[in-house]
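Examining the three-dimensional arrangement
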Amino acid sequence: MSGGDPLPKAIATTYYNAGLTVDQLTVLVGAKSAKRLRLLKADFEDEPLDLAAPNDVDIYEGDVTTVDTGTDDDC
């Protein structure tokens, strides 16, 4: 459902705006794509995740181990 064809985007938008039923959506885009759109719509309708701000924790504190990747190899 990507690429240059505007029809799939129009179908998805119509579904998200409650202009299509799940059965109509399935007929238009197929069961696999309809399932994806249903899951995405459910995600849109849920409350955003309440995630704490990231800590400024240095995950590399302490000794760092390096690996020789063998850049001279031809493989």
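Residues numbered from 1 in each chain as written. Predicted model: local features only at pLDDT ≥ 70, side-chain atom pairs only at ≥ 80, totals over all residues. Heavy atoms only, no water.

So, about the packing of aromatic side chains. Using the criterion set out here, one finds 2 aromatic pairs in the structure. Their ring planes at 50 degrees and their centres at 6.0 Å tell us that tyrosine 15 and tyrosine 16 sit as a pair that is tilted. With a relative accessible area of 25%, tyrosine 16 lands in the partly exposed category. On the numbers, 5.6 Å between centres and 80 degrees between planes, the contact of tyrosine 16 with phenylalanine 44 is edge-to-face. On the criterion of sequence distance, the pair formed by tyrosine 16 in helix 1 (residues 6–16) and phenylalanine 44 in helix 3 (residues 31–45) is long-range, its members being 28 residues apart. Aromatic ring contacts, followed pair by pair, group Tyr15, Tyr16 and Phe44 into a single cluster. The lysine or arginine in question, lysine 41, covers the ring of tyrosine 15, its NZ or CZ lying 4.5 Å from the ring centre. (Phe/Tyr/Trp six-rings, centres within 6.5 Å; stacked < 30°, edge-to-face > 60°. Buried < 20%, exposed > 50% of the residue type's maximum accessible area, 1.4 Å probe, protein only. Helix = DSSP H or I, 4+ residues; strand = E, 2+ residues; numbered from the N terminus. Lys NZ or Arg CZ within 6 Å of the ring centre and 35° of its normal.)

So, on to helix 1. Of the residues making up helix 1, those classed as buried are Pro8, Ile11, Ala12 and Tyr15. End-on, the buried residues of helix 1 take up no more than an arc of 95 degrees, which puts them together on one face. Turned more than 90 degrees away from the buried face of helix 1 sit Pro6 and Lys9, all of them exposed. On its buried face, helix 1 sits against helix 2 (22–29) and helix 3. One side-chain oxygen at the N-terminal end of helix 1 lies 3.2 Å from the backbone nitrogen of leucine 7; it belongs to aspartate 5. One or two residues past the end of helix 1 sits alanine 18, with phi positive at roughly 65 degrees. (Arc of directions from axis to C-beta. Contact = heavy atoms within 4.5 Å. Polar contact = N/O pair within 3.5 Å; in protein donor to acceptor, adjacent residues only side chain to side chain.)

Running from N to C, helix 2 and helix 3 point in directions that differ by 135 degrees, and their axes come no closer than 7 Å. Classed by the angle they form, the pair helix 2 and helix 3 counts as oblique. When the axes of helix 2 and helix 3 are compared, the crossing they make is right-handed. Taking contact as the criterion, the partners of Val22, Leu25, Thr26 and Val29 in helix 2 are, on helix 3, Ala31, Ser33, Ala34, Leu37 and Arg38. A per-class count over the contact of helix 2 with helix 3 returns 6 nonpolar, 2 polar and 1 charged. (Axes fitted to C-alpha atoms, helices over the stretch in contact; angles between N-to-C directions. Parallel < 35°, antiparallel > 145°, perpendicular 65-115°, else oblique. Left-handed = near helix turned anticlockwise from the far one by under 90°. Nonpolar A, V, L, I, M, F, W, Y, C, P; charged D, E, K, R; others polar.)

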